[in-house]
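Here are the chains, one letter per residue:
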Amino acid sequence: TLLHDFKITVDAYHQYRTNILMYRYTIPISMGLQATPAANVGKASSDGIDLALDYTRTFQNSLWITGRGTFTYARSKVLVNEEPDYAINNKNLTHVGQSMAAMYGLVAEKLFVDQVEVDNSPAQFGNVLAGDIKYRDINGDGKISTDDYVPMGYPSVPEIQYGGGFSIGYKNFDISAFFQGTARVSFMIDPIAISPFYAQHGLLSVIAKDHWSEDNRNSYAFWPRLNINSDDVGSSPTYNNNYASSWWLRNGSFLRLKSAEIGYNLSGVFLKRTHLASARIYINGTNLLTFSAFKLWDPEMGASGLGYPIQKVYNVGVLLGL
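1. A closer look at the overall build of the protein
Regarding its fold elements, the protein presents four helices and 14 strands. Here the C-alpha radius of gyration of the protein, 27 Å, is well above what a compact globule of 322 residues would show, namely 20 Å. Overall, the C-alpha framework of the protein stretches about 85 × 55 × 35 Å when taken along its three principal axes. Across the protein, contacts joining residues at least 24 apart in sequence account for 65% of those joining residues at least 6 apart. Counting every atom, the protein has about 18,900 Å² of accessible surface; 56% of that belongs to carbon and sulfur. If you average the places of the 26 positive and of the 28 negative side-chain charges in the protein, the two averages end up 13 Å apart.

Given below as structure tokens:
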């Protein structure tokens, strides 16, 4: 407790876990097993810190203030993972040393400009044409495959979560607000979930305004070439472009004004005339403002922009006490 008004709480922890259940991918196919067995062979650690700050004060002129803020930072690390003994060229595939929620994908350089560039680049997935995503050959074997996956971005689970709120009152008036946020978190847009002309999907305005075409050969357009048919590999449109990659990677951090309220407590003559014990008029709302570098849709929705969005809610009300 500081200065009689502030109270600070700090908790820190270190956790070491063993016997984590995971599939044993190192067992050779020659064993003849129909299903990949699992065993308790994994190990991981995690560290974190929790902070909480509370403030309460009442002044002599009928003014009072209360506030609370919280901050949590937590990270994990894979120590032992059941995985192949990757060669030097494929060491980027190992999960050891990475977060337990780390994301892996291909490194996307840009969109192919024309067929000449396609023909002079490492082989990719399916029938690749101009306007498709061009991936980087990480291991240098002359072709693009899942062996070229690398860890990228922040973990899919936020490493930082924070929030805070306050209430201020002066005589019969009061106002309060609460904020919440996350940081050090990434997500990947699911291109199949928002792909136009597929599975009765709608067309997002960002795709209509910013996609590669013969008339707009923008190598960094948001959306690759449009295609209404399935390619010769896979069952979804433009098979090559559906892989997890840095092209679809986004920062999922955000700060949201979760709720706010303004109220007035009636008293005195009004209560006597109405024979009420209390009466309050208020206006409040939830999910009022969101601050984020990601602008296409609510970042808390994650991969798909066609899901049901988080709603803003406004209320005007009266509370009467008998």
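Resuming the write-up.
2. Some thoughts on the nonpolar core
Ranked by internal contacts, the top residues of the largest apolar core, which has 26 residues, are Leu106, Ile133, Tyr135, Ile189, Ile194, Phe222 and Trp248. Among the elements of the structure, strand E5 (108-111), strand E6 (133-135) and helix H3 (205-209) are those that each provide at least two residues to this core. Once residues lying within four places of it in the same chain are set aside, the contact partners of Ile189 are Ile194, Phe222, Trp248, Arg250, Phe294, Leu296, Trp297 and Ala303. Listed in part, the six residues of the second largest apolar core include Met103, Val107, Met152 and Met188.

3. Comments concerning the packing of aromatic side chains
Under the definition given, this model contains ten aromatic pairs. Ring centres of Phe125 and Tyr243 lie 3.9 Å apart, and the angle between their planes is 20°; on these two criteria the pair is classed as stacked. Of this pair, Phe125 sits in the loop between helix H1 (115-119) and E6 while Tyr243 sits in the loop between H3 and strand E11 (249-251), and the two are 118 residues apart along the sequence. According to the relative accessible area criterion, Tyr243 is buried, its value standing at 16%. Taken together through their ring pairs, the aromatic side chains of Phe125, Tyr135, Tyr239 and Tyr243 make up a single cluster.

4. With respect to a nonpolar patch on the surface
On the surface, a cluster of nonpolar side chains totalling about 690 Å² of accessible area is made up of Leu2, Leu3, Phe6, Ile8, Val10, Leu51, Leu53 and Phe71. Listing elements by their share of the nonpolar patch, those giving two or more residues are strand E1 (6-23) and strand E2 (38-58). The biggest single contributor to the nonpolar patch is E1, with three residues. Position of Leu53 among the secondary structure elements: in strand E2. Residue classification places Leu53 among the partly exposed residues on the basis of a relative accessible area of 37%.

5. Overview of the sheet that holds E2
Across the sheet, which stays open at both edges, the eight strands sit in the order E1-E2-E3-E8-E9-E12-E13-E14 with antiparallel pairing between neighbours. Every interior strand has two partners, whereas the edge strands, E1 and strand E14 (313-321), have only one. The sheet shows a mean angle of 10° between the axes of neighbouring strands, taken without regard to direction. In this structure, strand E13 (residues 278-291) lies alongside E14, joined through nine bridges in antiparallel fashion. Across the sheet, residue Thr286 finds its bridge partner in E14, namely Val313.

6. Remarks on the pattern of salt bridges
Across all of its chains, the model carries 13 salt bridges by this definition. Between Arg280 and Glu261 there is a salt bridge; the shortest N-O distance is 2.8 Å. Remark: Glu261 occurs in strand E12 (residues 254-266) and Arg280 occurs in strand E13; sequence separation between them is 19 residues. With relative accessibility at 15%, the residue Arg280 sits in the buried group.

7. Points about the environment of Ile310
You can see Ile310 is positioned in the loop between E13 and E14. Taking the relative accessible area as the measure of exposure, Ile310 reaches 34% and is therefore partly exposed. The sequence separation of Ile310 and Asn287 amounts to 23 residues, and the corresponding C-alpha distance is 7.7 Å. Sequence-distant contacts of Ile310, defined by excluding residues within four places in its chain, comprise Arg256, Asn287, Asp298 and Glu300.

8. A word on the side chain of Arg280
Separated by 2.6 Å, the side chains of Arg280 and Asp174 make a polar contact. If we skip the residues at most four places from it in the chain, Arg280 touches Asp174, Glu261, Gly263, Tyr264, Asn265, Gly317, Val318 and Leu319.

Calculation notes
Residues numbered from 1 in each chain as written. Predicted model: local features only at pLDDT ≥ 70, side-chain atom pairs only at ≥ 80, totals over all residues. Heavy atoms only, no water. Helix = DSSP H or I, 4+ residues; strand = E, 2+ residues; numbered from the N terminus. Rg over C-alpha atoms; globule rule 2.2 N^0.38 Å. Contact = heavy atoms within 4.5 Å. Areas by Shrake-Rupley, 256 points an atom, 1.4 Å probe, with all protein chains shown as cover. Lys, Arg positive; Asp, Glu negative; His and termini not counted. Charge placed at Lys NZ, Arg CZ, Asp CG, Glu CD. Core = buried A, V, L, I, M, F, W, Y, C linked by side-chain atoms within 4.5 Å. Buried < 20%, exposed > 50% of the residue type's maximum accessible area, 1.4 Å probe, protein only. Phe/Tyr/Trp six-rings, centres within 6.5 Å; stacked < 30°, edge-to-face > 60°. Patch = residues over 30% accessible without salt bridge, like charges linked within 9 Å, V, L, I, M, F, W, Y side chains within 5 Å. Salt bridge = Lys/Arg side-chain N within 4 Å of Asp/Glu carboxyl O. Pairing = 2+ DSSP bridges. Axes fitted to C-alpha atoms, helices over the stretch in contact; angles between N-to-C directions. Polar contact = N/O pair within 3.5 Å; in protein donor to acceptor, adjacent residues only side chain to side chain.

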